[in-house]
Amino acid sequence: MTLALSGEKVSEVIRGRIPDALTDFDEATIWVKPEAVYDVARLLKETLELDYLTDLTAVDYREYFELVYHLTSIGNNHCIVMKTRCYERERPVVPSVVGLWRGADYQEREVYDLMGIGFSGHPNLKRIFLWEGFQGHPLRKDYQNGA
């Protein structure tokens, strides 16, 4: 069983190197400002050896989008959940983590395709499930299917 790192201890590591990056933490989760996602992810990969992006997804809470990153250290058998919130609904954007974890490529494209959240610096950000002319993003709560 993979052990969850303490959100408090991870937040101390982050605050020591990137003081203004966090917005909150709890037992096993840290919340990061959207613009700091890449820098915090890189720090976690380098210092805590979180070498595997297990999962990346997004949730629409109407007031904001929340991106959820499950990060794992294969060698150390520990993990942390990193989240960020995007309050911009028209063109939400966060930095891409493809440069850190190649496995983020399709996961970021899926979030972009279905939720409409962009990833700055992504090498090939285009739809992955729907065709390029498709209007809207069907997993958003405000999506209108033309009916």
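The model shown is predicted, which means the values in this text are computed figures rather than measured ones.

It is worth spelling out the environment of Asp-24 at this point. With respect to the secondary-structure elements, Asp-24 resides in strand S2 (residues 22–25). C-alpha separation for the pair Asp-24 and Leu-43, spaced 19 residues apart in sequence, amounts to 17 Å. Residues contacting Asp-24, with those up to four places away along its chain left out, are Ile-30 and Trp-31.

This paragraph deals with the side chain of Ser-11. By the element assignment, Ser-11 lies in helix H1 (residues 7–17). Setting aside residues up to four positions removed in sequence, Ser-11 forms contacts with Leu-22, Phe-25 and Ile-30.

For the rest of this paragraph, the subject is the pairing of strand S3 (residues 29–32). Residues Thr-29 and Trp-31 line one face of S3 and the alternating positions Ile-30 and Val-32 line the opposite face, and both faces are buried. Following S2, the chain reverses through three residues before pairing antiparallel with S3. One ladder, built from four bridges, connects S3 with strand S6 (residues 78–86); its direction is parallel. Across the sheet, residue Thr-29 finds its bridge partner in S6, namely Val-81.

What follows deals with the packing of H1 against helix H2 (residues 37–47). In contact at an axis separation of 11 Å, H1 and H2 are set at 115° when each is read in the N-to-C sense. For the element pair H1 / H2, the angle class is roughly perpendicular. The element H1 and its partner H2 pack so that their crossing is right-handed. Of the residues in H2, those in contact with Val-10, Val-13, Ile-14 and Arg-17 of H1 are Val-40, Leu-43, Leu-44 and Thr-47. Of the residues in the contact of H1 with H2, the class split is six nonpolar, one polar and one charged.

Moving on: H1. Of the positions making up H1, those classed as buried are Gly-7, Val-10, Ser-11 and Ile-14. Taken down its axis, H1 places every buried residue within 100° of arc, on the same side. Looking at H1, the residues exposed on the side facing more than 90 degrees away from the buried face are Lys-9, Glu-12 and Gly-16. Buried-residue contacts for H1 involve S2, S3, H2 and S6. Its side-chain oxygen 3.2 Å from the backbone nitrogen of Glu-8, Ser-6 forms the N-cap of H1.

In terms of residue burial, strand S5 (residues 65–73) counts as a mostly covered element, since eight of its nine residues are buried. Pairing between strand S4 (residues 52–60) and S5: eight bridges, direction antiparallel. Within S5, the position partnered with Thr-57 by the bridge is Val-68. As consecutive antiparallel partners, S4 and S5 are separated by four residues, and within that stretch Arg-62 has a phi angle of approximately 70°, a positive value. The pairing of S5 with S6 spans nine bridges and is antiparallel. Counted as the bridge partner of Tyr-69 is Met-82 from S6. Connecting the antiparallel pair S5 and S6 is a turn made up of four residues, with Asn-77 showing a positive phi of about 55°.

Right, let's talk about H2 for a bit. Taken together, the buried positions of H2 are Val-37, Val-40, Ala-41, Leu-43 and Leu-44. Buried positions in H2, seen along its axis, are confined to an arc of 160° and lie on one side of it. Residues of H2 that are buried in the fold lie against H1, S3, S5, S6 and strand S7 (93–95). Following H2 by one or two positions, Glu-49 has its phi on the positive side, about 55°.

What counts, and at which threshold
The residue numbering used here restarts from 1 in each chain and proceeds along that chain's sequence as written. In keeping with the predicted nature of the model, local features appear solely for residues at pLDDT of at least 70, side-chain atom pairs appear and are counted solely at 80 or more, and the whole-chain, interface and lining totals rest on all residues. By convention in this description, side-chain values take in all heavy atoms of the structure and omit both hydrogens and water. Numbered from the N terminus, helices here are DSSP runs of H or I no shorter than four residues, and strands are runs of E no shorter than two. Throughout, a contact is declared for two residues whenever any of their heavy atoms are within 4.5 Å. Buried, partly exposed and exposed residues are distinguished by accessible area as a fraction of the type maximum, computed with a 1.4 Å probe on protein chains only: under 20%, between the cut-offs, and over 50%, respectively. Two strands pair under a simple rule: DSSP has to find at least two bridges between them. Axes here mean lines fitted to C-alpha atoms, for a helix over just the part in contact, with angles spanning 0 to 180 degrees between N-to-C directions. Throughout, the term roughly parallel applies to angles under 35 degrees, roughly antiparallel to angles over 145, roughly perpendicular to angles from 65 to 115, and oblique to all others. By definition, turning the near helix anticlockwise from the far helix through less than a right angle yields a left-handed crossing, and turning it clockwise yields a right-handed one. Amino acid classes used here: Ala, Val, Leu, Ile, Met, Phe, Trp, Tyr, Cys and Pro are nonpolar; Asp, Glu, Lys and Arg are charged; the rest, including Gly, are polar. Picture the helix axis, draw a direction to every C-beta atom, and the arc is the one those directions span. Pairs of N or O atoms are called polar contacts if they sit within 3.5 Å, as long as, within protein, a hydrogen donor faces a hydrogen acceptor (for residues adjacent in sequence, only side-chain-to-side-chain pairs).

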